[in-house]
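A structural walkthrough
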2 protein chains.
Amino acid sequence: MAEHLSQSELDYPFKLLEYFNGFRISKAIFSACELGVFDLLLQSQKPMSAVEVAQKLGTSEDGIERLLDVLVAIEIVDVEVVQGTAFYSSTDVANLYLAKTSPKSLHDLIIYNSQTIYPLWNNLVDAVREGKNQNEKTFGLPSEEIFSAIYRSEEEMLKFMGLMNSTWVIDGHDIVTAFDLSSFKTVIDLGGCSGALARELAKEYPSSTVTVLDLPAVVQTAQRHFAQQDDTICFQEGDFFEGEIPPADLYILARIIHDWKEDKNLKLLKKIHTACHPGGGVLIAEALLFENRRGPTMVQMFSLNMLVQTEGKEHPPSHYTRLLTDAGFRDVQVCRTGKSYDAILALK
Amino acid sequence: MAEHLSQSELDYPFKLLEYFNGFRISKAIFSACELGVFDLLLQSQKPMSAVEVAQKLGTSEDGIERLLDVLVAIEIVDVEVVQGTAFYSSTDVANLYLAKTSPKSLHDLIIYNSQTIYPLWNNLVDAVREGKNQNEKTFGLPSEEIFSAIYRSEEEMLKFMGLMNSTWVIDGHDIVTAFDLSSFKTVIDLGGCSGALARELAKEYPSSTVTVLDLPAVVQTAQRHFAQQDDTICFQEGDFFEGEIPPADLYILARIIHDWKEDKNLKLLKKIHTACHPGGGVLIAEALLFENRRGPTMVQMFSLNMLVQTEGKEHPPSHYTRLLTDAGFRDVQVCRTGKSYDAILALK
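Chain A is annotated in an unreviewed UniProt entry as Acetylserotonin O-methyltransferase from Sinocyclocheilus rhinocerous. According to the UniProt record, the Function (unreviewed entry) comment for chain A is "Catalyzes the transfer of a methyl group onto N-acetylserotonin, producing melatonin (N-acetyl-5-methoxytryptamine)." You can read under Pathway (unreviewed entry) in the UniProt record for chain A the words "Aromatic compound metabolism; melatonin biosynthesis; melatonin from serotonin: step 1/2."

Next comes the structure, spelled out in structure tokens:
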């Protein structure tokens, strides 16, 4: 059970007011990313004044100065005042996670949160009332066809793929090393999107063959925008719900199950079980709720997010264990990584 | 200068991800308020299951359960699990600040943040680029006439007045006791809106006559919706920019200056100085930036908020001192309350 906010909150609601201000902090960081603030500060050889930043980014001086001052307050940008003029520079954290060019950049995750999820959450009241996603009210898109909404244009597809890519850039290594997967020689990442998680796996297990199977349009976009020189993974076009699932030793389902209702997931896992080589398995990557659903806070937030955006939700480990067992898998093992996403391995 | 986020953030960006999640926390609380969750839990004699809450509020069971679980995680709602069923109850903090019926309710502040400011901040990028408010892009309203936008309908006027009212319910006492105002026998709160701050002043200084002067439509709405039995204050219809300012010992300008550009504010203060009885004064209530603009964080956020919504900004004390001195006032005293809003007193 959660402890209450401290008693002093009854004297003055500092913490509550901080919660109310949360959307402003998110949007300040998101907007700085969209404007290219962190890229500019990284590239600059020296600290820059607000006037210089405004000139380079084509913004108002007053607006960018207020934004930079907020970023300083939350310790994402650094400042030095010389003879009354503030000179701003980047911090290590911003250079690593917020600049677009960093290999660990969360830029695409931020763009997706800012441009898609933030407006969707403006309709949270209706999502809770209706118990369904708000793609229709927010973007005029059919609420029943989640991925028709998410993939409504190449630009939107690219944004969503960027989101997935960002996640596995910071969480992928923990997922592929949660268990020793070296015995699985052929691996298929079902719905593997940009291939970021598959690449982490191929790097960790160089003797395995790793294939991303995804919708034709996704595979084509992945090859156009996310391909790497000497890429260590293959792409295959397909539809794992409607079409065939090729045989393999290990299947990965990373952030797939949480999008859908139980019957659809069970059908999918049975189909995977049938295709799987004997002794093979399935690796699920999801954010796991505690068994009693009382945390982690971030996963509870993700689950509410799934309501607003999909037809699925987040679950505790027992849910996945039951689903996997019902589909015919055995020896289910759960690994909490301590990061955003956790791993579950089950064998055929 | 702000300290950096801790070095461990470079290993995994927990704090950054928390910042990115800020908008979800804000909207979860806002939405629970809008749905009446806190009122229901306060009125209920016993803890309620998600099913019961859903029935009473007319929401989906699944949606309200996920929302309640998030509120538990952030310690605003309490939970007890009995034989596998979660029963939710309110906390002291929620009863005091989030239930609509509480005398310290922030309900109206939340509604305004949720329905007006949250959507405005979706256009923060444009606000920074253009250096101006986003009333036009967000709501199709002219950006030059701030209060035509804010007061575009009686419903919107009521929401804005509720926001102001909420603030002074929690901050008003600190403002009126920041200085001994007992020598000022006639007090006019210019733009005093619902009268919440004026009532705090009348309560603290019962021998003073306190009048709220505001636009006719605002006064009429205040009397219809915010009047109290045996009200201790008077209302007067007027326009302190365009019309006359009646003589008085003390004028209050609470969150007025920060809406407007400097020339307009200086003109207003000169006009007040002319109307003011000899030995009288003006009391300004605003959130004060530090002199070097490096904080407080919340005030920097407010200043960015002013960009998105008005033509003004927040300032450090020296700005107000200069403005007041230029208008003819003397003996400027500044009092930081340690809460959201601070007080400045100047004499004629």
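Once you've had a look at it, read on.
Of regular secondary structure, chain A possesses 16 helices and 10 strands. Scaling as 2.2 N^0.38, a compact globule of 348 residues should have a C-alpha radius of gyration of about 20 Å, and chain A matches this with 22 Å. Principal-axis analysis of the C-alpha atoms gives chain A an extent of 70 × 55 × 40 Å. Looking at chain A residue by residue over its 348 residues, the buried ones come to 61%. Pairs at least 24 apart in sequence give 65% of the contacts found in chain A among residues at least 6 apart. For chain A, the exposed area adds up to about 13,500 Å²; of that, 50% sits on carbon and sulfur atoms. Each charge class in chain A was averaged separately, 31 positive and 48 negative side chains, and the resulting centres sit 4 Å apart.

Here helix α15 (residues 297-309) of chain A is 13 residues long and its end C-alpha atoms lie 18 Å apart, about the 18 Å a rise of 1.5 Å per residue gives. Burial analysis of α15(A) places 11 of its 13 residues in the buried class, which makes it a mostly covered element. Along α15(A), the residues classified as buried are Val299(A), Gln300(A), Met301(A), Phe302(A), Ser303(A), Leu304(A), Asn305(A), Met306(A), Leu307(A), Val308(A) and Gln309(A). On its buried face, α15(A) sits against α7 (107-121), α8 (124-130), α9 (135-139) and α10 (146-150) of chain A together with α2 (22-35) and α5 (61-73) of chain B.

Turning our eyes to something else, we now look at the relation of the copies chain A and chain B. Relative to chain B, chain A is turned by 180 degrees and slid 0.0 Å along the rotation axis, the superposed coordinates differing by an RMSD of 0.0 Å. Such a combination of turn and shift is consistent with a two-fold rotation axis. With an isologous cut-off of 70% or more, the 100% of interface residues of chain A that recur at the interface of chain B puts this contact in the isologous class.

Looking now at the sheet that holds strand β9 (residues 330-335) of chain A. All names here are of chain A. If you trace the seven strands from one edge of the open sheet to the other, you get β6-β5-β4-β7-β8-β10-β9, paired in mixed fashion. Two strands in the sheet have a free side with no partner beyond their single neighbour: β6 (234-237) and β9. The average angle at which neighbouring strand axes cross in this sheet is 20 degrees, direction not considered. Two strands pair when backbone bridges link them, and strand β8 (residues 276-286) and strand β10 (residues 342-347) are joined in this way by six bridges, in the antiparallel orientation.

What follows is about the interface of chain A and chain B. In this complex, chain A contributes 92 residues to the contact, which on the side of chain B involves 92 residues. Interface area, chain A with chain B, both sides summed: about 8,300 Å², of which 65% is carbon and sulfur. Put simply, chain A and chain B have eight salt bridges between them. When the shortest N-O distance is used, the salt bridge between Arg293(B) and Asp69(A) registers 3.0 Å. Connecting chain A to chain B are 43 residue pairs in polar contact (both at pLDDT 80 or more).

Before going further, it helps to spend a moment on the packing of aromatic side chains. Residue and element names in this part refer to chain B. Going through the model one piece at a time under the given rule, you end up with 29 aromatic pairs over all chains. Here the aromatic rings of Phe147 and Phe160 are separated by 5.7 Å at their centres, their planes lie at 85 degrees, and the arrangement is edge-to-face. Taken together, the residues span a long stretch of sequence, with Phe147 in helix α10 (residues 146-150) and Phe160 in helix α11 (residues 154-176) at a distance of 13 residues. Lying across the ring of Phe139, Arg152 places its NZ or CZ 4.5 Å from the centre. Sitting over the ring of Trp260, Lys264 keeps its end group 3.8 Å from the ring centre.

Moving on to the nonpolar core. With 251 residues, the main nonpolar core has Phe20(A), Ile76(A), Phe20(B) and Ile76(B) as its most contacted residues. Contacts of Phe20(A), omitting those with residues within four sequence positions, involve Ser26(B), Ile29(B), Phe30(B), Leu98(B), Leu106(B), Leu109(B) and Ile110(B).

Those residues carrying the UniProt feature "domain: O-methyltransferase C-terminal" (unreviewed entry) are residues 121-330 of chain A in this numbering. Between the end C-alpha atoms of residues 121-330 of chain A there is a gap of 38 Å, over a span that is 46% helix and 16% strand.

Reading the values: rules and limits
- Residues numbered from 1 in each chain as written.
- Chains lettered and ligands numbered in written order.
- Predicted model: local features only at pLDDT ≥ 70, side-chain atom pairs only at ≥ 80, totals over all residues.
- Heavy atoms only, no water.
- UniProt positions renumbered as here; feature names shortened; annotations may be inferred.
- Helix = DSSP H or I, 4+ residues; strand = E, 2+ residues; numbered from the N terminus.
- Rg over C-alpha atoms; globule rule 2.2 N^0.38 Å.
- Buried < 20%, exposed > 50% of the residue type's maximum accessible area, 1.4 Å probe, protein only.
- Contact = heavy atoms within 4.5 Å.
- Areas by Shrake-Rupley, 256 points an atom, 1.4 Å probe, with all protein chains shown as cover.
- Lys, Arg positive; Asp, Glu negative; His and termini not counted.
- Charge placed at Lys NZ, Arg CZ, Asp CG, Glu CD.
- Expected span 1.5 Å × (residues − 1).
- Least-squares fit on C-alpha atoms with pLDDT ≥ 70 in both.
- Pairing = 2+ DSSP bridges.
- Axes fitted to C-alpha atoms, helices over the stretch in contact; angles between N-to-C directions.
- Buried area = accessible area lost by both parts, 1.4 Å probe.
- Salt bridge = Lys/Arg side-chain N within 4 Å of Asp/Glu carboxyl O.
- Polar contact = N/O pair within 3.5 Å; in protein donor to acceptor, adjacent residues only side chain to side chain.
- Phe/Tyr/Trp six-rings, centres within 6.5 Å; stacked < 30°, edge-to-face > 60°.
- Lys NZ or Arg CZ within 6 Å of the ring centre and 35° of its normal.
- Core = buried A, V, L, I, M, F, W, Y, C linked by side-chain atoms within 4.5 Å.

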